[in-house]
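Examining the three-dimensional arrangement
Residue strings, one per chain:
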Amino acid sequence: MANVVIIGTQWGDEGKGKIVDLLTQYADCIVRFQGGNNAGHTLVVDGKQFIFHLIPSGILYEKKKCYIGNGVVIDPAVLIGEMQKLEANGLPVTPERLMLSANAHLIMPYHKLLDGCSEAALKAGKKIGTTGRGIGPCYGDKILRCGIKLGDLLDDALFREKLQANIEEKNFLFTKKFGADPVAFDAIYSEFQKHLELLAPYIGNVSVELDRARKGGRHILFEGAQGTQLDIDHGTYPFVTSSNTVAGNACIGSGFGPAHIDAVVGILKAYTTRVGEGPFPSELFDATGDALQQKGGEFGATTGRKRRCGWLDAVVANDAVRLNGVTGFAITKLDVLSGQPTLKIATAYEEGGERLTAMPCNIRRTERLKPIYEEMPGWSEEIRHAKTPDDLPAKARDYVKRIEEITETPAMILSVGPGREETMLIKNPFEK
Ligand code: GDP
Ligand code: IMO
Ligand code: MG
């Protein structure tokens, strides 16, 4: 029995969806524990691409059970849309295959509107570049103790009362602060009655079920969203998402005891990308950055925005190892580096005459960081055919080895293409 957490080590889009899909064959249960449909996790199976925003990426395996934990924020319309799409592909998502935590908070229509109004009100340079999905306002209400939980829908009087109170407060903001139109109770109430009709059979106690699964010897895979540098506490605040993205939240966001986690796989893209605003010390603004963006197909899976690209940042990787307790890396998109004559890895930063080996806490300092690079020769061969590390050019193996040395963390998985089969499993995290 082993329980494994997968997290992003950078600014998201490291290839978590692909690796979760790959490792699902060794798991019985797959759990999302934070974030919402700001996530976009891509899987390519038999040449067919699937993008999941809310449903765990393990859903394509028919015999596995998926869970959406209490730490996730759920936009019911998006969830239902994803379920219907899967059904249209011949994969009906029944309550035997998916359970939703009654404690998960709901993204309400006014959260999405507030997300848009707040971003629009920020001056240039201060904008976060959110996905506009209502994530921040929803988590905000959760912390302020006025949020509406999925389970609240099952108690009509409670739901009405909470909805009424929220609408009064939000309409004050819309009309008095943002000069926007108010929202109407009746329209939202009836929309959510329809959602309830569809989702009621899926609502349950995820913590109790996971405990039962664990005691029954089942293997559990926890699927993180976003990445370590987008963590609300440990990331480049305020240019972050509104949840904890680090591995510790796998337990909080699903109601699972920390003593039962056996391994933490950090997904590390072989270079770095970021969508939205915020510091990015190893960002490239030249033809090399454009080449990585194009060869890597670096467009946001949720918003379609072009991803900013840069060299691998080992300071970020080391931060991730420390903050998540990473036991092994899955290094993805190595194939995208083919053809680069020289590769650079940022091993430290310089700022104000100081040499830094961790991301500083002060955002102003973060914006001034100058990466200190070490260089390595690249390889010219295409490597998507590689089935074992021995099939890789020596220079690609050297690059992986150097990452392992700098981070003192082994590479457990190497990925050389988007497809399920374009992967080398060096050490299975489910095997103790
Ligand atoms: P996630 O948010 O971490 O799940 O990552 P995304 O799905 O947003 O972005 C990763 C993108 O890279 C997707 O389009 C994947 O299909 C693709 N991908 C994943 N691993 C590899 C790889 O090893 N090589 C290449 N070329 N593409 C990959
Ligand atoms: P996955 O799971 C990359 C970024 C947004 C923005 C910031 C805040 O696919 O890796 P939010 O809408 O969460 O309030 O936006 O976080 N962001 C992501 N960037 N991948 C993601 O998810 C992201 N989810 C949010 O671009 O900068
Ligand atoms: Mg993504």
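For the structure given in this document, a descriptive report is provided here.

With respect to the coordination of the magnesium ion (ligand 3)
- Looking at the metal site, the magnesium ion (ligand 3) is ligated by Asp 13 (OD) and Gly 40 (O), spaced 2.0 to 2.2 Å from it. Pair noted here: Asp 13 is in the loop between strand 1 (3-8) and helix 1 (16-23) and Gly 40 is in the loop between strand 2 (29-32) and strand 3 (41-45), with a separation of 27 residues, a long-range link.
- With a relative accessible area of 22%, Asp 13 lands in the partly exposed category.

So, the site of ligand 2
- Around ligand 2, the surrounding shell holds 20 residues, and the nearest of these are Lys 16, His 41, Thr 131, Gln 226 and Thr 241.
- The separation between an oxygen atom of ligand 2 and a polar main-chain atom of Gly 40 is 2.9 Å.
- For ligand 2, the protein covers 97% of the area, taking 550 Å² as the surface of the free molecule.
- Residues that form the shell around ligand 2 fall into these classes: 7 nonpolar, 10 polar and 3 charged.
- Built from parts of two domains, the shell around ligand 2 gets at least three residues from each of domain 1 (3-96 + 205-425) and domain 2 (105-202).

A word on the sheet that holds strand 7 (residues 98-101)
- Read across the open sheet, the 10 strands follow the order 9-7-5-2-10-1-11-15-19-20; overall the sheet is mixed. Every interior strand has two partners, whereas the edge strands, strand 9 (203-204) and strand 20 (423-425), have only one.
- With 5 bridges joining them, strand 11 (residues 263-269) and strand 15 (residues 328-332) adopt parallel strand pairing. Bridge pairing in strand 15 links Lys 269 to Thr 332.

Overview of the pairing of strand 10 (residues 220-223)
- Alternating positions in strand 10 separate into two faces, Ile 220 and Phe 222 on one and Leu 221 and Glu 223 on the other, with burial throughout.
- Here strand 2 runs beside strand 10; their pairing, made up of 4 bridges, is parallel. Within strand 10, the position partnered with Arg 32 by the bridge is Glu 223.

Section: the site of ligand 1
- Lining the immediate environment of ligand 1, one finds 19 residues, of which Lys 16, Gly 17, Thr 42, Asp 335 and Ser 415 sit closest.
- With respect to ligand 1, the backbone of Lys 333 contributes an N or O atom lying 2.9 Å from an oxygen atom.
- Among the elements of the structure, helix 1 and strand 3 are those that each provide at least two residues to the shell around ligand 1.
- Among the residues making up the shell around ligand 1, the classes are represented as 4 nonpolar, 8 polar and 7 charged.

What to know about the nonpolar core
- Within the largest apolar cluster, 59 residues are counted, with the highest numbers of intra-cluster contacts made by Leu 60, Leu 79, Leu 98, Met 108, Tyr 110, Leu 163 and Leu 221.
- Those residues within four positions of Tyr 110 in sequence are excluded, and the remaining contacts are Asp 141, Ile 148, Leu 163, Asn 166, Ile 167, Lys 170, Phe 174, Val 183 and Ile 188.

Things to note about unusual backbone geometry
- The omega angle of the peptide bond from Tyr 237 to Pro 238 is 10°, so this bond is cis rather than trans.
- Looking at where Pro 238 falls in the secondary structure, it is placed in the loop between strand 10 and helix 8 (248-252).
- At Arg 145, a residue that is not glycine, the phi angle is positive and equals roughly 70°.
- Located in the positive-phi region is Glu 408, a residue other than glycine, with phi close to 55°.
- Inspection of the secondary structure assignment puts Glu 408 in the loop between helix 12 (394-407) and strand 19 (411-415).
- For Glu 408, a relative accessible area of 72% gives the class exposed.

Section: the pairing of strand 2
- Here strand 2 shows a buried face lined by Cys 29 and Val 31 and a second buried face lined by Ile 30 and Arg 32.
- The pairing of strand 2 with strand 5 (residues 65-68) spans 4 bridges and is classified as parallel. By the bridge assignment, Cys 29 is partnered in strand 5 with Lys 65.

Section: the packing of aromatic side chains
- Using the criterion set out here, one finds 7 aromatic pairs in the structure.
- Ring plane angle 50° and centroid distance 5.1 Å describe the contact between Phe 222 and Phe 256, whose orientation is recorded as tilted. Linking Phe 222 in strand 10 with Phe 256 in the loop between helix 8 and strand 11, this pair joins segments that are 34 residues apart in sequence.
- Take Phe 222: its relative accessible area is 0%, and that puts it in the buried class.
- Judged by its relative accessible area of 5%, Phe 256 is buried.
- Aromatic rings pair up to connect Phe 159, Phe 185, Tyr 189 and Phe 192 into one cluster.
- Note that Arg 160 overlies the ring of Tyr 189, its terminal NZ or CZ placed 4.2 Å from the centroid.

Regarding the side chain of Asp 115
- Following the sequence through the fold, Asp 115 ends up in helix 3 (residues 109-121).
- Of the side chains bearing the opposite charge, Arg 133 lies closest to the buried Asp 115, which forms no salt bridge; the N-O distance is 7.6 Å.
- Side-chain polar atoms of Asp 115 contact the backbone nitrogen of Arg 133, separated by 3.3 Å.
- If sequence neighbours within four positions are ignored, Asp 115 has contacts with Thr 130, Gly 132, Arg 133, Gly 134, Ile 135 and Pro 137.

Reading guide: rules and limits
Residues numbered from 1 in each chain as written. Chains lettered and ligands numbered in written order. Predicted model: local features only at pLDDT ≥ 70, side-chain atom pairs only at ≥ 80, totals over all residues. Heavy atoms only, no water. Donors = N, O, S within 2.8 Å, 3.2 Å for Na, K, Ca; no water. Helix = DSSP H or I, 4+ residues; strand = E, 2+ residues; numbered from the N terminus. Buried < 20%, exposed > 50% of the residue type's maximum accessible area, 1.4 Å probe, protein only. Near = heavy atom within 4 Å. Polar contact = N/O pair within 3.5 Å; in protein donor to acceptor, adjacent residues only side chain to side chain. Areas by Shrake-Rupley, 256 points an atom, 1.4 Å probe, with all protein chains shown as cover. Nonpolar A, V, L, I, M, F, W, Y, C, P; charged D, E, K, R; others polar. Domains from an automatic or database assignment. Pairing = 2+ DSSP bridges. Core = buried A, V, L, I, M, F, W, Y, C linked by side-chain atoms within 4.5 Å. Contact = heavy atoms within 4.5 Å. Phe/Tyr/Trp six-rings, centres within 6.5 Å; stacked < 30°, edge-to-face > 60°. Lys NZ or Arg CZ within 6 Å of the ring centre and 35° of its normal. Lys, Arg positive; Asp, Glu negative; His and termini not counted. Salt bridge = Lys/Arg side-chain N within 4 Å of Asp/Glu carboxyl O.

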